[in-house]
Amino acid sequence: MSSAVESAIRSVVGAGIGKIADFNRKRLEERDHEFLSGIHAPIQGELTLTDLKVTGQIPAELSGRYVRIGPNPFKPTAKGHHWFIGDGMVHGVRLHGGKAEWYRNRYIRSQTLEAAGGPKAAPGPRRGRGDTVNTNVIPYAGKTLAIVEAGSFPAILNDELETIAYSDFDGTLGTAFTAHPHEDPATGELHAITYDAMTPTTVWHVVADRNGRVVRQEPIPVSDGPMIHECTITKNYVLIFDLPVTFSMSAVMAGYSFPYVWNPKHKARVGLLPRNGTADDVIWCAVDPCYVFHVANSYEDEQGRVIVDSAVYETMFKDGMDGPNGRSLGLERWTIDPVAKRVARATIDAAPQEFPRPDERFFGAAYRHAWSMGLPGEGGEGFMGPQPLYHHDLETGTRRARDFGTGAVPGEFVFVPRSADAAEGDGWVLGYVIDTATDTTDLVILDALDIEGEAVARVHIPHRIPTGFHGNWMPDAR
């Protein structure tokens with residue numbers, strides 16, 4: 001998420017509301033904020049490190065960059081702060097020829113950052129007043145895009161992670177974008193469900209083609225301004241998660257930067273939008289109240305039902321305004337019947353977990369393997385903690401777990417195939433792991449189907465990389 005939400009609100013609701021929000025924010029407590037301290041504390045400065053120590057052997061097939069992004073507030077304040085708000089910073093390691101060639105961290109060069117005294121902003125079109133980007137980094141149409149939901153256009157990064165420009169897809173994007181678009185491996189299209197904080201009655205199905213131009217922006221009516229963090233696709237549908245986290249003007253007026261709260265009056269539903277359909281074609285299916293940030297995968301079975309695997313919460317943003325909270329229900333499988341318009345929910349694994357990722361070559365199709373990060377559970381300090389990495393074999397119904405050791409905090413791990421035509425799951429998973437005892441970080445490379453075994457390699461980074469959100473493997477062009 002982004003401070004673009006707050007900036008957009010201020011530009012529309014008027015000076016009076018803005019003054020009330022500013023006044024009430026000043027009255028909020030300045031305290032030790034759990035998402036500005038410990039593993040979440042921002043780091044200072046931008047580094048380029050080329051003398052990286054490595055334990056084990058980096059596979060020669062890994063030629064490219066692992067890049068992850070997250071919030072790193074330039075001038076942090078606890079008053080009204082939320083984890084999802086903060087200047088974006090990318091952290092990347094380049095691997096080539098069995099070596100770790102460099103580590104770099106760079107701020108996303110936003111106008112918001114420059115106005116706060118940070119580096120000069122990158123050029124390019126802006127959408128509204130806020131342009132903070134801090135949630136995901138993806139390779140698409142030959143570019144590296146840093147992205148966020150509900151506000152700013154994407155930022156384009158070069159191979160050294162410098163922000164070179166902001167992009168509206170060559171003038172073809174007319175709405176907000178998203179932090180979680182999904183590329184269809186069969187067509188090369190990028191699908192997204194997007195929303196705008198100041199348009200509470202509409203979300204959009206946005207499609208960009210393989211050349212990086214938006215070819216579809218289909219409006220879908222909604223109510224209450226739902227926060228739709230994720231979408232997913234199948235052969236015939238795009239899924240819309242219209243769940244009970246919605247915009248709150250009272251939160252704005254109280255001085256909070258992230259004005260989305262649990263709204264039990266908002267009916268939970270999932271929409272099946274035919275890929276080329278209109279709002280009138282959406283098949284809406286009621287579901288018990290819950291919230292989903294991230295999907296592992298989805299597909300259609302032989303009976304035409306839609307299968308969705310995702311990390312699910314009982315509630316979200318119900319118990320405070322600092323960051324995500326609510327009881328994790330683990331990894332669930334939803335079977336959605338488009339004829340009966342029913343959703344059947346079943347638990348795959350009840351252990352608290354987040355950031356599920358598949359072998360992306362099989363996204364939108366039947367699949368077998370998924371990897372996810374354990375959570376401390378209800379009441380876990382700072383949302384993340386020393387928890388395992390999980391591998392789910394959905395064919396056998398088994399789960400493997402890798403414990404990284406006392407005080408070790410893993411982030412999202414991503415799958416990289418051994419080759420373009422390797423079997424599903426044949427490759428590695430990569431992710432950053434913080435050592436809280438030494439305040440350092442390793443980029444850990446594991447055999448994807450043997451995560452309990454000895455690490456294939458560890459690239460040692462001599463400082464803590466704050467817990468971030470999402471990233472991806474950016475392979476070198478072939």
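Below is a short write-up of the structure. (Residues numbered from 1 in each chain as written. Predicted model: local features only at pLDDT ≥ 70, side-chain atom pairs only at ≥ 80, totals over all residues. Heavy atoms only, no water.)

**A look at the overall build of the chain**
Inference 1: The secondary structure content of the chain amounts to 4 helices and 33 strands.
Inference 2: Against the 2.2 N^0.38 benchmark of 23 Å for 478 residues, the chain shows a C-alpha radius of gyration of 21 Å, consistent with a compact globule.
Inference 3: Counting all 478 residues of the chain, 60% fall into the buried class.
Inference 4: Of all intrachain contacts in the chain linking residues separated by at least 6 positions in sequence, the fraction that spans at least 24 positions is 62%.
Inference 5: Summing over all exposed atoms, the chain offers an accessible surface of approximately 18,200 Å²; the carbon and sulfur share of this is 48%. (Helix = DSSP H or I, 4+ residues; strand = E, 2+ residues; numbered from the N terminus. Rg over C-alpha atoms; globule rule 2.2 N^0.38 Å. Buried < 20%, exposed > 50% of the residue type's maximum accessible area, 1.4 Å probe, protein only. Contact = heavy atoms within 4.5 Å. Areas by Shrake-Rupley, 256 points an atom, 1.4 Å probe, with all protein chains shown as cover.)

**So, the environment of H40**
Inference 1: Along the chain, H40 falls in the loop between α2 (15-27) and β1 (48-49).
Inference 2: For H40, a relative accessible area of 5% gives the class buried.
Inference 3: Among the polar contacts made by the side chain of H40, one reaches the side chain of T467 at a distance of 2.7 Å. (Polar contact = N/O pair within 3.5 Å; in protein donor to acceptor, adjacent residues only side chain to side chain.)

**Quick look at unusual backbone geometry**
Most peptide bonds adopt trans geometry, and most residues besides glycine take a negative phi value.
Inference 1: Phi is positive for A141, which is not a glycine, with a value near 50°.
Inference 2: Here A141 shows up in the loop between β6 (136-140) and β7 (143-147).

**Comments concerning the nonpolar core**
Inference 1: Counting 60 residues, the largest nonpolar core has M227, L239, W334 and I336 as its most contacted members.
Inference 2: Of the residues forming this core, the biggest block, 5 residues, is contributed by strand β15 (residues 237-242).
Inference 3: Aside from chain neighbours lying at most four places away, what touches L239 is I193, C231, T232, T234, V270, G271, L272, V306, V308 and I336.
Inference 4: Among the nonpolar cores identified, the runner-up in size contains 20 residues, and V93, L443, I445 and V459 belong to it. (Core = buried A, V, L, I, M, F, W, Y, C linked by side-chain atoms within 4.5 Å.)

**Section: the pairing of strand β25 (residues 369-374)**
Inference 1: Burial of β25 is extensive: 6 of the 6 residues sit out of reach of the surface.
Inference 2: As judged from the 5 bridges shared by β25 and strand β26 (residues 389-393), these two strands associate in the antiparallel manner. Looking at β26, one finds that M373 is bridged to L389. (Pairing = 2+ DSSP bridges.)

**Concerning the packing of aromatic side chains**
Inference 1: One pass over the structure, following the stated rule, counts 23 aromatic pairs.
Inference 2: Centroid distance F293 to F317: 6.1 Å. Interplanar angle 75°. Geometry classified as edge-to-face. Here F293 is found in strand β20 (residues 291-300), whereas its partner F317 is found in the loop between β21 (306-313) and β22 (328-337), with 24 residues between them in sequence.
Inference 3: Exposure remark for F317: the relative accessible area of 3% places this residue in the buried category.
Inference 4: Measuring from centroid to centroid gives 6.3 Å for Y299 and Y367, while their planes differ by 75°, and the two rings are edge-to-face. Placement of Y299 in strand β20 and of Y367 in the loop between β24 (353-358) and β25 is noted, with a sequence separation of 68 residues between them.
Inference 5: When its relative accessible area of 13% is taken as the criterion, Y299 is described as buried.
Inference 6: The class of Y367 is buried, set by a relative accessible area of 9%.
Inference 7: Between R269 and the ring centre of W284, over which it is positioned, the NZ or CZ distance is 3.5 Å. (Phe/Tyr/Trp six-rings, centres within 6.5 Å; stacked < 30°, edge-to-face > 60°. Lys NZ or Arg CZ within 6 Å of the ring centre and 35° of its normal.)

**Observations concerning the sheet that holds β24**
Sheet strands pair via backbone hydrogen bonds, and the direction of the pair is either parallel or antiparallel.
Inference 1: Strand order in the open sheet made by the 4 strands is β24-β25-β26-β27, with antiparallel pairing throughout. The outermost strands of the open sheet, each flanked by one partner alone, are β24 and β27 (398-402). Taking each pair of neighbouring strands and ignoring which way they run, the sheet shows an average axis angle of 25°.
Inference 2: Inspection of the sheet shows β24 paired to β25 by 4 bridges, in the antiparallel sense. Bridged to E354 within β25 is M373. (Axes fitted to C-alpha atoms, helices over the stretch in contact; angles between N-to-C directions.)

**Considering the sheet that holds strand β5 (residues 99-107)**
Inference 1: The sheet built from 5 strands is open, its strands ordered β1-β5-β4-β3-β33 with antiparallel pairing. With partners counted over all chains shown, the strands left at the sheet margins are β1 and β33 (471-475), one partner each.
Inference 2: In the sheet, strand β3 (residues 64-71) pairs with β33 via 5 bridges, with the strands oriented antiparallel. Within the sheet, the bridge partner assigned to V67 lies in β33 and is N472.

**Brief notes about the pattern of salt bridges**
Inference 1: Summed over all chains, the structure comprises 27 salt bridges.
Inference 2: Between R216 and E218 there is a salt bridge; the shortest N-O distance is 4.0 Å. For the pair R216 and E218, a shared accessibility class is recorded, and that class is buried.
Inference 3: Several salt bridges converge on common partners, so that one network encompasses E46, R106, R109 and E162. (Salt bridge = Lys/Arg side-chain N within 4 Å of Asp/Glu carboxyl O.)

**Observations regarding the pairing of strand β31 (residues 440-447)**
Inference 1: Most of β31 is tucked away: 6 of the 8 residues are buried.
Inference 2: Relative to β31, strand β30 (residues 427-435) runs antiparallel, the two being bridged by 8 bridges. Across the sheet, D435 pairs through a bridge with T440, a residue of β31.
Inference 3: Linking β30 back to β31 in an antiparallel pair, the connection comprises 4 residues, with D439 at a positive phi of about 55°.
Inference 4: Note: β31 against strand β32 (residues 457-461), 5 bridges, orientation antiparallel. Residue I445 lies in a different strand from β32, and its bridge partner there is A457.

**Observations regarding the environment of T132**
Inference 1: Topologically, T132 is positioned in the loop between α3 (111-115) and β6.
Inference 2: Sequence separation of T132 and S110 is 22 residues, and the distance between their C-alpha atoms is 5.9 Å.

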